[in-house]
There are 2 protein chains.
Amino acid sequence: MKCNDLGNRIKNLVMTTDEANNDRTPTLADVARLAKVSTATVSRCLNSPDQVIEKTRTKVLAAVRELGYAPNFNARALAAKHTNTIGAIIPTMENAIFARALQAFQEELGGSGVTLLVASSSYRADLEEEQIRTLVSRGADGILLIGYHRDPKIYEFLQRQGVPIVVAWVFDPQADVPTVGFDNFTAMKALADQVISMGHRRIATITANPEYNDRASERLRGIRAAMSEAGISATDLSIVESAYGIDEGGKALEQILAQTVRPSVVMCGNDVLAVGAIARAKELGLRVPEDISVTGFDDIEIAKISSPPLTTVHVPHRRMGKEAARMLINLVNATKDQKNTLIETSLKIRSSLSKR
Amino acid sequence: MKCNDLGNRIKNLVMTTDEANNDRTPTLADVARLAKVSTATVSRCLNSPDQVIEKTRTKVLAAVRELGYAPNFNARALAAKHTNTIGAIIPTMENAIFARALQAFQEELGGSGVTLLVASSSYRADLEEEQIRTLVSRGADGILLIGYHRDPKIYEFLQRQGVPIVVAWVFDPQADVPTVGFDNFTAMKALADQVISMGHRRIATITANPEYNDRASERLRGIRAAMSEAGISATDLSIVESAYGIDEGGKALEQILAQTVRPSVVMCGNDVLAVGAIARAKELGLRVPEDISVTGFDDIEIAKISSPPLTTVHVPHRRMGKEAARMLINLVNATKDQKNTLIETSLKIRSSLSKR
DNA sequence: TCGATCAATGTAAGCGCTTACATGGAATTC
DNA sequence: GAATTCCATGTAAGCGCTTACATTGATCGA
């Protein structure tokens, strides 16, 4: 012991060139040298401490601390062939619902010692594809994706690479990948049924571009189905596409009002659009819901405090995120193959919707 | 050519064990073999195409496509010692202002071919520290941090590791790292001056825990300074700490109302708390601003559509994100050492604040 | 007391890539 | 036409880690 200490002290005083204390960041080998063990032992100390005897461990950990050693993640990943990392690609960070689900997702992952890599695709298929490749080449052990609709080649690629995925925000037993989410069609149809049962016939909807967005297209289909069931002509539905945002919802509402026939209700693709529509309607001197009813989707906090409070579809986003994490972890560990998980939604009837 | 084609075809038909088309994901060496060049050439094709003659490049790219080759990021990072990656740690994803700034940050980075790694610390110093280490060990070329206040050891660590950082959301010429942001003290003091000039004397504030949050503590200091300047006793300020969220703002308001002396104005640390406070006040039968005035901070979209519209401090978050990206890229490229950048804020006086 | 057994540690071969340096052939110069 | 230059490509040495396998010394049963 004493001898070693002395040895180290001398080393620190008399620095020969080849073991100079230069500012290169310390490596495993440096730690091993300081602790007078092999690199294998240091590695084991860090990764499976119980394979190493207490005395050695203490010695190694001391060396780690002394050098301020931090393992090089890339080298580790290269050698170990897994990263303890899971990736997630969401359409945008600016939408609170994704942020919230992701937060829950991350919390659940963190509990299992897995770290999360996030990317956002701005709702663009090409960007998403690029990000999937990036995530894979970074060695993500699994990936969370939003919505099922994408080029089949991507699913093939992922399968070939052996990277498990979970698709969230949709529930689709037909899909050949595990999904966790709700049935957008049924949920929106339920709301539309309610709207129609309250006497509304002329309906407008503000929706995201449904072309590459299966949540939006399914919700639209839900409205159409409800109308058709009620014997309402499809021409009584007017559709306005809009980007996400409060102002955008307001602009979309103006477009609707500019049409020759004014609808009695505006069903919005999400709460943010709905709140924007309500605000603009009020600015324009309309009363909500007396002059025009408005509905949303998601039931985020703002729905409750909007005036008037918003009729919407409640989606348990945190639960969905949590569930997605659970499934993905099981998949990565190959514990069992996950099947689809249905998240239940419910109608929240509030005063932004009234009888016609 | 013909010969090669034939050769490949035969290879695909007769698979010997050592070159079997097994499902191992293809490597640089596989591409090199297929294209009949060295691995160095393949690498050059991918990283600096102009060093390679057109003919060779075509051949290599064809091989890449045929194999569906995707480079292994970790191997590349290990060999090249840089990752073209920048990390950012924000307190939470659930706050739209961070999301928005981050979006702009990412857009700017993307334009320079840099990818972004995001982590969120849930406002916890220990988590943030862990994430900084993670980012460093993952080889981030630079890191964006929010707020200046943290253990000096962290700054030392970062410096030792040679990882440049930019601190956003504060403007502090004293700091020994580049900052980009606004002066939280001055901004809030300006608002408080306005409030006081409208006759308010008894002030309440809803704030995040200021202990580890220099934005919050500086804003609080701003209010105190304005009061002191106006000769108002510090005891006329009542402080309620609250977590982030609409409901939380509401609860905090209830605490304020439960106190013996009711303040005439509630100055909130951000718009979300303010909107929550307004909503709860209305629920409790109070009129805003007649019975109680409310102010916010940030000027997010919701401030405008709140009823009544919210008096707040406008912060150009996107600009701040963009500027942070620019600075960090310069730092990473060692183009020039960046100094502090001031982002100007402005008062938005709306009807949630009225004369006492 | 001796080999068998086992736990702790060491040895060294990669993981997939980049890049300094070596090489060889074509283009250029005189 | 020989010497020089230069450009395209190849060779091979790592980057920092993990892990299969080898080694060692201690422990144990007979």
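Residues numbered from 1 in each chain as written. Chains lettered and ligands numbered in written order. Predicted model: local features only at pLDDT ≥ 70, side-chain atom pairs only at ≥ 80, totals over all residues. Heavy atoms only, no water.

### Focus: the confidence of the model for chain A
One rule of thumb: low pLDDT means the predicted coordinates there are not for detailed reading.
So, step 1. Averaged over every residue, the pLDDT of chain A is 91; the share at 70 or more is 93%.
So, step 2. The low-confidence segment residues 1-21 of chain A (pLDDT under 50) makes 7 contacts with residues lying over four places distant or belonging to another chain. (pLDDT = per-residue confidence, 0-100. Contact = heavy atoms within 4.5 Å.)

### Concerning the protein's contact with DNA strand C
So, step 1. Inspection of the region around DNA strand C gives 25 residues, with A:Thr41, A:Thr56, B:Leu28, B:Ser43 and B:Tyr69 positioned closest.
So, step 2. When atoms of DNA strand C within 4 Å of the protein are sorted by moiety, sugar and phosphate together comprise 64%.
So, step 3. A distance of 2.5 Å is found between a phosphate oxygen of DNA strand C and a side-chain nitrogen or oxygen belonging to B:Ser43.
So, step 4. Between a phosphate oxygen of DNA strand C and a main-chain N or O atom of B:Asn72, the distance comes to 3.1 Å.
So, step 5. For the surface near DNA strand C, the secondary structure elements donating two or more residues are α3 (39-47) and α5 (73-80) of chain A together with α3 (39-47) and α5 (73-80) of chain B. (Near = heavy atom within 4 Å. Polar contact = N/O pair within 3.5 Å; in protein donor to acceptor, adjacent residues only side chain to side chain. Helix = DSSP H or I, 4+ residues; strand = E, 2+ residues; numbered from the N terminus.)

### Some words on the interface of chain B and chain A
So, step 1. If you look at the interface, chain B gives 44 residues, while chain A gives 44 residues.
So, step 2. Summing both sides of the interface, chain B and chain A together bury roughly 3,700 Å²; the carbon and sulfur share of this comes to 51%.
So, step 3. Taken together, the connections running from chain B to chain A amount to 4 salt bridges.
So, step 4. Two residues, A:Arg318 and B:Glu94, come together in a salt bridge whose shortest N-O distance is 3.6 Å.
So, step 5. Our count for the contact surface shared by chain B and chain A stands at 11 residue pairs in polar contact (both at pLDDT 80 or more).
So, step 6. Per-class residue counts for the side of chain B that touches chain A are 16 nonpolar, 17 polar and 11 charged. (Buried area = accessible area lost by both parts, 1.4 Å probe. Salt bridge = Lys/Arg side-chain N within 4 Å of Asp/Glu carboxyl O. Nonpolar A, V, L, I, M, F, W, Y, C, P; charged D, E, K, R; others polar.)

### Notes on the nonpolar core
So, step 1. Formed by 146 residues in total, the largest nonpolar core has its most connected members in A:Phe105, A:Trp169, A:Met267, B:Phe105, B:Trp169 and B:Met267.
So, step 2. Excluding its chain neighbours within four sequence positions, the residues that come into contact with B:Met267 are B:Met188, B:Leu191, B:Ala192, B:Val195, B:Ile203, B:Ala204, B:Thr205, B:Ile206, B:Ile223 and B:Thr295. (Core = buried A, V, L, I, M, F, W, Y, C linked by side-chain atoms within 4.5 Å. Buried < 20%, exposed > 50% of the residue type's maximum accessible area, 1.4 Å probe, protein only.)

### A short note on the sheet that holds strand β7 (residues 237-241) of chain A
Residue and element names in this part refer to chain A.
So, step 1. The strand order across the open sheet built from 4 strands is β7-β6-β8-β9, with neighbouring strands paired in parallel fashion. On the outer flanks of this sheet lie β7 and β9 (293-295), each paired with one strand and no other. The sheet shows a mean angle of 20° between the axes of neighbouring strands, direction not considered.
So, step 2. Where strand β6 (residues 203-207) and β7 come together, 5 bridges link them in parallel fashion. When the sheet's bridge partners are listed, Ile 203 is paired in β7 with Leu 237.
So, step 3. On the sheet, helix α9 (residues 184-197) packs against β6, β8 (265-268) and β9 and is oriented at approximately 170° with respect to β8. (Pairing = 2+ DSSP bridges. Axes fitted to C-alpha atoms, helices over the stretch in contact; angles between N-to-C directions.)

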